[in-house]
Every structure is written in structure tokens, then in C-alpha cells.
Amino acid sequence: SVLGERARELVAYGGTRMVAAILLMSLALIPASIAAYRSGIEAGGFVALALSVIGLAGSASAPIQLILLPMASAMWAKGQRKELKAAFGRLELVIICLGVAALLVVPLLAPVFSILVVGQREPQLEQAIKFAGPAVGPFMYFVCGRQLIDACTVKGINTRNLLLGGLGFLAALALCFAS
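Residues numbered from 1 in each chain as written. Predicted model: local features only at pLDDT ≥ 70, side-chain atom pairs only at ≥ 80, totals over all residues. Heavy atoms only, no water.

A closer look at the overall build of the protein
Part 1 of the argument: Within the protein, the regular secondary structure consists of seven helices and zero strands.
Part 2 of the argument: With the principal axes as the frame, the protein shows a C-alpha extent of 55 × 35 × 30 Å.
Part 3 of the argument: Split into buried and exposed, the 179 residues of the protein put 31% on the buried side.
Part 4 of the argument: For the protein, the proportion of contacts with a sequence separation of at least 24, taken over those separated by at least 6, is 71%. (Helix = DSSP H or I, 4+ residues; strand = E, 2+ residues; numbered from the N terminus. Buried < 20%, exposed > 50% of the residue type's maximum accessible area, 1.4 Å probe, protein only. Contact = heavy atoms within 4.5 Å.)

Structure representation (C-alpha cells):
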């Protein structure tokens, strides 16, 4: 039946992407867990809050992603590979500009984030936000690139990439704790 065929298509496309989303969130959990293990639950909480701020700042690319996914899917389906590559090149410039802006804005707004989140200036939280701030640009680039890959294939390429990244991170972590 048509309904069964559509359901299988949805599971084939969405199932692997759901696993990728879980892996991405798991990767964000690891640094907070390490900080909590090494320096206490308060330090782990500050790292988790800083990563949340990075995710929030990184969501500035959400409007781009909403436009990118259907546009890229349509261009890919029509065989417009060169045009898609050129469009992504222009998008890269926008993401780079947003990332540079984040480098300047996130450290300046760290005290404001601290007051909004915990009700007062908290130097440890502000330091964690400033330390994590340079990750905003690369995070935006990763998310937009991930959307582009998802638009062009049904295969779970991003799931594989996140799994390999997570395994690499865990291997590096094991080496750190072993020494």
C-alpha cells in the first residue's frame, strides 16, 4: 500500500537521523561529565550551561538551515551539483561572518548570560562561556553541513560521522584518564 511504502521511507530516512541526534547530544554530555568527575558537580554544571549557551548561539544559523534543506534537496534531485556547491560556498561566507561575530559577542555577553541563567554574576560560568565561545562558528558550520548531507542522501552518513567522532573522542578520553 502507499501508506506502508511512505512509512518505510520515513523510517529509512528518519530513523538514522534520530540516532544521529542522540549521538550529538551525547557528545555534548561528555565534557560536562568529565568536568564533574574531575572538579565536582558544580564545575560540571558550569560546563553544561556553557555548552547550552553555545548551542543557543549556534541556533542563529537555524533560519539558514530551514532554507538550505529543501533548496539543497531540490537542487540535488535536479542534478544541479555545481549550483549547489556554489550556493554552499556563499553560505560558508555567511557562517564564517556569524562565527566571527560570535567570537566578539559571546565573551562580551558572558556576564549577561551568567545573570540570566543563575541570577548573578558567576565568574566560573562566565569563564566557561568565554572558553567555549570559539566553538560557536564551527558548530554552526557543522550543523549546516549536516543539513546539506541530509538533503542529498537517505543514508545515515551523519550518524556514521557522529559515531566515529564519538569513538575518537572516547579513545582520546581513555588516553587522558590512563595517564
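Here's the deal with the packing of aromatic side chains
Part 1 of the argument: Going through the model one piece at a time under the given rule, you end up with zero aromatic pairs.
Part 2 of the argument: Sitting over the face of the ring of W76, R81 holds its NZ or CZ atom 3.7 Å from the ring centroid. (Phe/Tyr/Trp six-rings, centres within 6.5 Å; stacked < 30°, edge-to-face > 60°. Lys NZ or Arg CZ within 6 Å of the ring centre and 35° of its normal.)

Regarding helix α5 (residues 123-132)
Part 1 of the argument: Buried within α5 we find L125, E126, A128, I129 and A132. One side of α5 carries all its buried residues, which in axial view fall inside an arc of 160°. Pointing more than 90 degrees away from the buried face of α5 are the exposed residues P123, Q127 and F131.
Part 2 of the argument: Contact partners of the buried residues in α5: α2 (41-58), α4 (81-118) and α6 (136-152). (Arc of directions from axis to C-beta.)

Section: the pattern of salt bridges
Part 1 of the argument: Taken as a whole and judged by the stated rule, the model has one salt bridge.
Part 2 of the argument: Residue R121 pairs with E126 through a salt bridge whose shortest N-O separation is 2.8 Å. (Salt bridge = Lys/Arg side-chain N within 4 Å of Asp/Glu carboxyl O.)

Remarks on the environment of I54
Part 1 of the argument: Note that I54 resides in helix α2.
Part 2 of the argument: Take I54: its relative accessible area is 5%, and that puts it in the buried class.
Part 3 of the argument: Residues I54 and A12, spaced 42 residues apart in sequence, show a C-alpha to C-alpha distance of 31 Å.
Part 4 of the argument: Filtering out sequence-adjacent residues up to four positions away, I54 remains in contact with A132, G133, A135, V136 and F139.

What to know about the layout of surface pockets
Part 1 of the argument: Each pocket or cavity is described by its volume, and for the largest pocket that value is around 570 Å³.
Part 2 of the argument: Among the elements of the structure, α1 (2-39), α2, α6 and α7 (157-178) are those that each provide at least two residues to the lining of the largest pocket.
Part 3 of the argument: By residue number, the principal contributor to the lining of the largest pocket is α1, which donates seven residues.
Part 4 of the argument: Classifying every residue of the lining of the largest pocket by side-chain character gives 15 nonpolar, four polar and no charged.
Part 5 of the argument: Here the second largest pocket defines a volume of roughly 210 Å³.
Part 6 of the argument: Here the lining of the second largest pocket gets five residues from one element, more than from any other, and that element is α5. (1 Å grid on protein atoms, 1.4 Å probe; cavity = no way out; pocket = protein on both sides within 12 Å on 5 of 7 lines; lining within 4 Å. Points joined across faces, edges and corners; volume = space filled by probe spheres on them. Nonpolar A, V, L, I, M, F, W, Y, C, P; charged D, E, K, R; others polar.)

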